Amino acid sequence: MEFKSCSLIVPSVLEMTKDPNMVTVPSRYIQLEQDQLDEANIDLNSSSDDFPVINFQNLSLPISHHNSQLYESELTKLDLACKNWGFFQLVNHGVSNSVVEKMKEEVKKLFELPIEEREKLWQRPGEVEGFGHTFVFNDQQKVNWKDDLFLFTLPHALRNPNLFPNLPSSLRKILEIYSSELAKLAKSIISQMEKVLGIENKEILRLVELDGMQSINMINYPPCPQPEKVIGVKPHSDTVILTILLQANQVEGLQVKKHGKWVLVKPLPNAFIVNILTNGLYPSIEHRVVVNPKQERLSIATFLNPNLKYDIGPVSSLITPQNPPKYKTVTNKEYVKGTFSSEPDGKAYLDIMKFVIVPSVLEMTKDPNMVTVPSRYIQLEQDQDQANVDLNSSSDDFPVINFQNLSLPISHHNSQLYQSELTKLHLACKNWGFFQLVNHSVSNSVVEKMKEEVKKLFELPIEEREKLWQRPGEVEGFGHTFVFNDEQKVNWKDDLFLFILPHALRNPNLFPKLPSSLREILEIYSLELAKLAKSIISQIEKVLGLENKEISKLVEDGMQSINMINYPPCPQPEKVIGVKPHSDTAILTILLQANQVEGLQVKKDDKWVLVKPLPNAFIVNVGDIIEILTNGLYPSIEHRVVVNPKQERLSIATFLNPNLEFDIGPVSSLITPQNPPKYKTVTSKEYIKGVFSNEPDGKAYVDIMKLY
């Protein structure tokens, strides 16, 4: 398997700090306020005695002694350390002191190499290994204050032939020994964890026993003139089975989150610091690294991942009716790809593996005494931006496309009317990413019937709607999509999300339970909108000169999904959001406003413009996939929904996505030496999986796809 990332190449922090005149930090490294060091949230009262210490010698007693009090006591300490901290220091671990000290020495020498030598080991575009930074996806992203050298070390077949042989020979030699020793140690730790958990079938150990993956990150955190404004590593949890950390010098910096406070870890001499990733019984714990104003910090992190052929999910022997699965099961290839597709951020990737069902907002608002909004729905200050709304834009500014003029007979295609409308379509896609579509040929009776059925859907008693509720681990049904954890701020809406075409995608546990009148109109409406979407794409191809119909091919037997959305009235509309700012990840979205309450806002020239729907019009926007296919010519545009204090808003969004058999990347006929590809190419399956693994947030997902 190739380990690819669209991580950007960034300058060396270590070289930057060699400037004796440096007194302030470049803005790119100054963290957002919430990520800067919160001194008030640091636990200054914890002593090194509080942090768990495991004496591995007591867990390595001969089998005849395994029932001894010493062994059982240490096993209990291991269980409590994993359960309550997710971290522990490991002493008497069996790795010889000479190997450990030699590894520290070589890492110190590595970072002392001249920049010209280190540049020979620099990351290549699209690769995660080498000197530099992993997980930097765009030029606006805040960067950690560190340099590192990341390598896959085991099995040997994973080693990068362009990198590993170029390491200093003395570092290569000790890496061979150190990586083998730590692989053995990691397996021994897992074996003891299985004993304390009562896992007799070695369900965790077998994941790593044969050709489990090992990677090593050698990290230098240079001194910083403004340490309170930067972060060595942002708060995150590790996405692996085990991490074994070796502190290579005595400068402290690792902090672990315990009871909402940051606890400084004070490494013991000759100890490893171990942290773990089960069905939530042993939680992975958030940690971060802070930097020192005067001294560099050196550390060596060794990560153990499973063999790629296995699936990752809750161990079957830990699942009971009282302890059902809290995480989904995925292939290890999917898990690893997901890990390297997003910046480590809190427990974000592990939270993606969770399923969170949230209550109905609509039911909540039926309480006549409700005057304040529950805290879970109150958005962060930056998402409550009301001052940035463009009050001067009129409905005349928003593009309107008359589709009748684009549906003229072929003999009229050179007519002035057709060409004028085609130009308007081009400018709408290029400058706005949105337009209203009138005279679209979908019959008014179909449109009105669809609106009527959606209104009736949300008027059903809660007992009826609960029959259509999301099931754990599924995106379809009544509820909220993209809610991954209990701390996440939630949009002020209820929706019913369905995959509708092709028929094979329909959920057999959901679709037959829809009210029969809704099912009947959905059959007609979905087919009409599939035809309309293909006609719009055909016109886009004409204006772009795509004679080979590269986009149309993607949507033959493409996927269509529909989201029916109710935005209830809110007593504090300025504090909530119907839908957070985002761009759609589809090819096209066709929105039908089901009542006349406004709320959709589109970002134009950094201002929010309110969209005022025309009668019998659809609102169409190009999605991230169109941006990628057109190599950025037609950008997907951020939009959001605000809510009303007195009236509910109803809308029906239809999303067109590609056939899963095709790749998504810039269309070849639009690529020239002057216009090289700006986005990577991935399979549709990879793209769709990535979409449903992330909460919509600005243009975050399309930024992941950018090459530079």
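The name an unreviewed UniProt entry assigns to the protein is Fe2OG dioxygenase domain-containing protein, from the organism Cannabis sativa. Under the UniProt heading Sequence similarities (unreviewed entry), the entry covering the protein gives this text: "Belongs to the iron/ascorbate-dependent oxidoreductase family."

Draft legend 1. How the structure looks around the overall build of the protein. For the protein, the helix and strand inventory stands at 17 helices and 28 strands. The proportion of buried residues among the 708 residues of the protein is 56%. Approximately 30900 Å² of the protein is accessible, and the part contributed by carbon and sulfur atoms is 52%.

Draft legend 2. Geometry of the sheet that holds strand β11 (residues 287–289). Strand order in the open sheet formed by 4 strands is β6-β11-β8-β9, and the pairing between neighbours is antiparallel. At either end of the open sheet lies a strand with only one pairing partner, and these are β6 (233–236) and β9 (261–264). Shown here is a sheet whose adjacent strand axes are inclined to one another by a mean of 25 degrees, direction ignored. Relative to β9, strand β8 (residues 254–258) runs antiparallel, the two being bridged by 4 bridges. By the bridge assignment for β9, Lys 257 is matched with Trp 262.

Draft legend 3. Structural view of the packing of aromatic side chains. Summed over all chains, the structure comprises 12 aromatic pairs. Between the aromatic rings of Phe 497 and Phe 499, the centroid separation amounts to 5.3 Å while the plane-to-plane angle is 80 degrees, which identifies the pairing as edge-to-face. Look at Phe 499 and you get buried, because its relative accessible area is 15%. An aromatic cluster is present here, built from Phe 51, Trp 85 and Phe 87 joined pairwise through their rings. The ring centre of Phe 478 lies 5.9 Å from the NZ or CZ of Arg 465, which sits over that ring. In this structure, Arg 506 packs its charged tip against the face of Phe 511, placed 4.4 Å from the ring centre.

Draft legend 4. Summary view of the packing of helix α3 (residues 97–112) against helix α5 (residues 169–197). α5 packs onto α3 with a crossing angle of 145 degrees between their chain directions and a minimal axis gap of 10 Å. The interaxial crossing formed by α3 with α5 has left-handed handedness. Taking contact as the criterion, the partners of Val 99, Lys 102, Met 103, Glu 106, Lys 109 and Leu 110 in α3 are, on α5, Ser 170, Leu 171, Ile 174, Leu 175, Ile 177 and Tyr 178. Across the contact of α3 with α5, the residue classes break down as 8 nonpolar, 1 polar and 3 charged.

Draft legend 5. The arrangement of the pairing of strand β19 (residues 559–567) in detail. Across the 9 residues that make up β19, a large majority, 9, are buried. Here β19 shows no split at all, with Met 559, Ser 561, Asn 563, Ile 565 and Tyr 567 on one side and Gln 560, Ile 562, Met 564 and Asn 566 on the other all buried. Bridge count between strand β18 (residues 494–501) and β19: 7 bridges; the pairing is antiparallel. Bridging from a neighbouring strand, Leu 498 pairs with Ile 562 of β19.

Draft legend 6. The arrangement of the nonpolar core in detail. Grouped together as the largest cluster of nonpolar side chains are 72 residues, with contacts concentrated most on Leu 522, Ile 536, Met 564 and Phe 618. A total of 12 residues in this core trace back to one element, the largest contributor, which is helix α13 (residues 516–544). If we skip the residues at most four places from it in the chain, Met 564 touches Met 450, Val 454, Leu 457, Phe 458, Asp 494, Asp 495, Leu 496, Leu 498, Leu 518, Leu 522, Ser 651 and Ile 652. Among the nonpolar cores identified, the runner-up in size contains 57 residues, and Val 95, Leu 163, Leu 207 and Tyr 282 belong to it.

Draft legend 7. Local environment of the sheet that holds strand β24 (residues 618–622). Pairing within the open sheet is mixed, and its 8 strands lie in the order β15-β16-β24-β21-β26-β19-β18-β17. Since the sheet does not close on itself, it has two edges, and those belong to β15 (400–402) and β17 (477–479), each with one partner. This sheet shows a mean twist of 25 degrees between the axes of neighbouring strands, independent of strand direction. Contacting β15, β16 (434–438) and β24, helix α10 (residues 416–431) crosses the sheet at an angle of about 150 degrees to β15. Where helix α11 (residues 444–459) meets the sheet, its contacts fall on β17, β18, β19, β21 (588–593), β24 and β26 (649–657), and the angle it forms with β19 comes to roughly 55 degrees.

Conventions and cut-offs
- Residues numbered from 1 in each chain as written.
- Predicted model: local features only at pLDDT ≥ 70, side-chain atom pairs only at ≥ 80, totals over all residues.
- Heavy atoms only, no water.
- UniProt positions renumbered as here; feature names shortened; annotations may be inferred.
- Helix = DSSP H or I, 4+ residues; strand = E, 2+ residues; numbered from the N terminus.
- Buried < 20%, exposed > 50% of the residue type's maximum accessible area, 1.4 Å probe, protein only.
- Areas by Shrake-Rupley, 256 points an atom, 1.4 Å probe, with all protein chains shown as cover.
- Pairing = 2+ DSSP bridges.
- Axes fitted to C-alpha atoms, helices over the stretch in contact; angles between N-to-C directions.
- Phe/Tyr/Trp six-rings, centres within 6.5 Å; stacked < 30°, edge-to-face > 60°.
- Lys NZ or Arg CZ within 6 Å of the ring centre and 35° of its normal.
- Left-handed = near helix turned anticlockwise from the far one by under 90°.
- Contact = heavy atoms within 4.5 Å.
- Nonpolar A, V, L, I, M, F, W, Y, C, P; charged D, E, K, R; others polar.
- Core = buried A, V, L, I, M, F, W, Y, C linked by side-chain atoms within 4.5 Å.

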